[in-house]
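One-letter residues, chain by chain:
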Amino acid sequence: MIERALILSGGGARGSYQVGVIRYLNEIGWIPDLVCGTSIGAVNAAAYGTGISTEKMADLWFTHDRKTLKQFSLPGIIDSLKNGRKYKPPAETRYIRALLEKHIDIDALRNSRTRIIITALNMKTGQIRYFTQKVIEMDHIMASTAIPMVFPWQHIDGVPHWDAGLMANTPLMPALAWNAREILVVLNSPAGVFAVDEPVTRKQVFELSVEHVLIGSYMAMLPDSTWQSTPDAGFFETPLYGSPRMELALQGSTLRVVAPPKMLGLGSMFNYSKRQAKKLIKEGYANAKMQLGPYLK
C-alpha cells in the first residue's frame, strides 16, 4: 500500500532545489513509499532510491566540471538552431553518463524498498512510459533527462526515448493510480502556485510562457474535485494555492506542494554552477520548512 508519494518535477539545473526539500523531509522523518520523477527529477528520484544521504546527493551538483556542461547553456542551444544544421548529439554526453554512474549505484537502486519510478517519452508513439527500479538502467535515466536539442535521445529496447517533461513535467499519475494517502509535489517554479508579476519585457514574456508550459501537465492532471467553480461568473479554474496554505483535499488523499515563491529566471535551468546549486538547496530547505511545516509531522 502506498501511504506517501513524493513527486519530483523536471527543471534542468533547478533540480538542486529538490535536494534541499528532501533534506528537510529527512530531518522531520517524512519518508515516502513512492518517489516518481521526470527529467532532473528522475535523477534525484534514482539517487534517492540508492539510499544515499542528501550530502552525497548534493555532491552531484558540486563535483561536476562546469566547463564541460557549458555547451548545454541557453546560448549554445540557440546557436545549434541556426542555419538549419543537421542535428548532431553532443559528444560530451559521455561525461554526463560517467557523472551519473559515479553517483547512482544501479544495484543499490534495484534493491530499494521505496518504489522508484522515472519517466521517458516514446518518441515514435508519443506515449509516456513509467519505469520502476526493477528495470531502471543508466539508459533509462539518460533517456529521462534527454531534453530535446540539449541532450541526445536514448534507445530503450531499440526504441528512441527522450525527456517526458514535454508531456508530463510533474508526473503525478502514479501517485493517483496507487491511491497514495499523502502526495507531496515539488515544483521548480512558482507558476501555478503563487501569483507572479505581469511580464514587461520580451524576455519576461518568454520566461513566463516557458513556466506555464512546464506547469501545464501538472495542472491538467489535478482531479476534477479540486476545481474551483464560480457558476454565476460562468467559469471554472484550477486552484491557486498560495503561501502559507498549500494543501488540497482529494478523494481519499491529501496533496501538498512546495515551490519557489519567486521566478528563478529561464537561465537558472541551464546554470550548473556550484554557486546556484548551493543557493537553491538552501532555498529548497527553507521553503519546505515554511510551506510544509504546518502540515507534515
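Heads up: the structure comes first, above all this text.
Just so we're clear, the structure is a prediction, and the values are computed from it rather than from any experiment.

Definitions and limits used
Residues numbered from 1 in each chain as written. Predicted model: local features only at pLDDT ≥ 70, side-chain atom pairs only at ≥ 80, totals over all residues. Heavy atoms only, no water. Helix = DSSP H or I, 4+ residues; strand = E, 2+ residues; numbered from the N terminus. Buried < 20%, exposed > 50% of the residue type's maximum accessible area, 1.4 Å probe, protein only. Contact = heavy atoms within 4.5 Å. Core = buried A, V, L, I, M, F, W, Y, C linked by side-chain atoms within 4.5 Å. Salt bridge = Lys/Arg side-chain N within 4 Å of Asp/Glu carboxyl O. Axes fitted to C-alpha atoms, helices over the stretch in contact; angles between N-to-C directions. Left-handed = near helix turned anticlockwise from the far one by under 90°. Nonpolar A, V, L, I, M, F, W, Y, C, P; charged D, E, K, R; others polar. Arc of directions from axis to C-beta. Phe/Tyr/Trp six-rings, centres within 6.5 Å; stacked < 30°, edge-to-face > 60°. Pairing = 2+ DSSP bridges. Right-handed = clockwise from strand over helix to strand, strands pointing away.

(A) Layout of the overall build of the protein. Across its full length, the protein carries 12 helices and 11 strands. Per-residue burial over the protein gives 53% buried out of 297 residues. For the protein, the proportion of contacts with a sequence separation of at least 24, taken over those separated by at least 6, is 77%.

(B) Quick peek at the nonpolar core. Membership of the largest hydrophobic core comes to 56 residues, with the highest contact counts inside it found for Leu6, Leu25, Trp61, Leu100, Ile104 and Ile141. It is helix 2 (residues 40-49) that contributes the most residues to this core, 7 residues altogether. Every residue in contact with Leu25, bar those within four places of it in the chain, is listed here: Leu6, Trp30, Leu184, Leu292 and Leu296. Ile2, Ala180, Met221 and Val257 belong to the second-largest nonpolar core, a separate cluster that totals 23 residues.

(C) Fine view of the pattern of salt bridges. One pass over the full model with this rule turns up 7 salt bridges. Linking Arg97 and Asp139 is a salt bridge whose minimum nitrogen-to-oxygen distance equals 2.7 Å. Here Arg97 is found in helix 6 (residues 93-103), whereas its partner Asp139 is found in helix 8 (residues 138-144), with 42 residues between them in sequence. Residue Glu283 is joined to Lys279 by a salt bridge in which the shortest nitrogen-to-oxygen separation is 2.8 Å. Highlighted residues: Glu283 and Lys279, both in helix 12 (residues 274-292), separated by 4 residues, approximately one helical turn. Because the salt bridges share partners, they merge into one network encompassing Arg4, Glu182 and Arg256.

(D) Here's a closer look at the packing of helix 1 (residues 16-28) against helix 2. Two elements in contact, helix 1 and helix 2, have axes whose closest approach is 11 Å; the angle formed by their N-to-C orientations is 35 degrees. The crossing of helix 1 and helix 2 is right-handed. Listed contacts from helix 2 to Gln18, Val19, Ile22 and Asn26 of helix 1 are Ile40, Gly41, Asn44 and Tyr48. Each residue belonging to the contact of helix 1 with helix 2 can be placed in one class, and the counts come to 4 nonpolar, 4 polar and no charged.

(E) View of helix 1. For helix 1, the complete set of buried residues consists of Ser16, Tyr17, Gln18, Val19, Gly20, Val21, Ile22, Tyr24 and Leu25. Contacts made by the buried residues of helix 1 are with strand 1 (4-8), helix 2, helix 3 (54-62), strand 7 (182-186), strand 11 (253-258) and helix 12. Of the residues one or two after helix 1, Gly29 is the one with positive phi, at around 80 degrees.

(F) Examining the packing of helix 3 against helix 12 more closely. Two elements in contact, helix 3 and helix 12, have axes separated by 9 Å at closest approach and are oriented at 145 degrees. Residue-level contacts link Ala58, Trp61 and Phe62 of helix 3 to Lys274, Ala277, Lys278 and Ile281 of helix 12. Looking at side-chain class alone, the contact of helix 3 with helix 12 contains 5 nonpolar, no polar and 2 charged residues.

(G) Seen up close, helix 3. Buried within helix 3 we find Thr54, Met57, Ala58, Leu60 and Trp61. Summarising the axial view, the buried residues of helix 3 lie within an arc of 135 degrees, below the 170-degree limit, and thus occupy one face. Buried residues in helix 3 make contact with helix 1, helix 2, helix 6 and helix 12.

(H) How the structure looks around unusual backbone geometry. At Ser39, a position not held by glycine, the phi torsion is positive, near 55 degrees. By the secondary structure assignment, Ser39 is in the loop between strand 2 (34-37) and helix 2. Take Ser39: its relative accessible area is 4%, and that puts it in the buried class. The residue Asp157 is not glycine, and still its phi comes out positive at about 55 degrees. Along the chain, Asp157 falls in the loop between strand 5 (154-156) and strand 6 (159-162). For Asp157, a relative accessible area of 72% puts it in the exposed group.

(I) Molecular detail of the packing of aromatic side chains. Overall, the coordinates contain 2 aromatic pairs when judged by the stated rule. Their ring planes at 80 degrees and their centres at 5.8 Å tell us that Tyr24 and Tyr285 sit as a pair that is edge-to-face. Of the two residues, Tyr24 is situated in helix 1 and Tyr285 in helix 12; the sequence distance between them amounts to 261 residues. You can call Tyr24 buried: its relative accessible area is 6%.

(J) Spatial organisation of the side chain of Thr114. By the element assignment, Thr114 lies in the loop between helix 7 (106-110) and strand 3 (115-122). Sequence-distant contacts of Thr114, defined by excluding residues within four places in its chain, comprise Pro32, Asp33, Leu34, Val35, Tyr48 and Gln133.

(K) Layout of the pairing of strand 2. Here strand 2 shows two buried faces, one formed by Leu34 and Cys36 and the other by Val35 and Gly37. Relative to strand 2, strand 1 runs parallel, the two being bridged by 4 bridges. Its bridge partner lying in strand 2, Ala5 is registered against Leu34. You can see the chain leave strand 1, run along helix 1 and come back into strand 2, and the turn it takes is right-handed. Pairing of strand 2 with strand 3 involves 4 bridges; the strand directions are parallel. Considered in strand 3, the bridge of Gly37 is made with Ile118.

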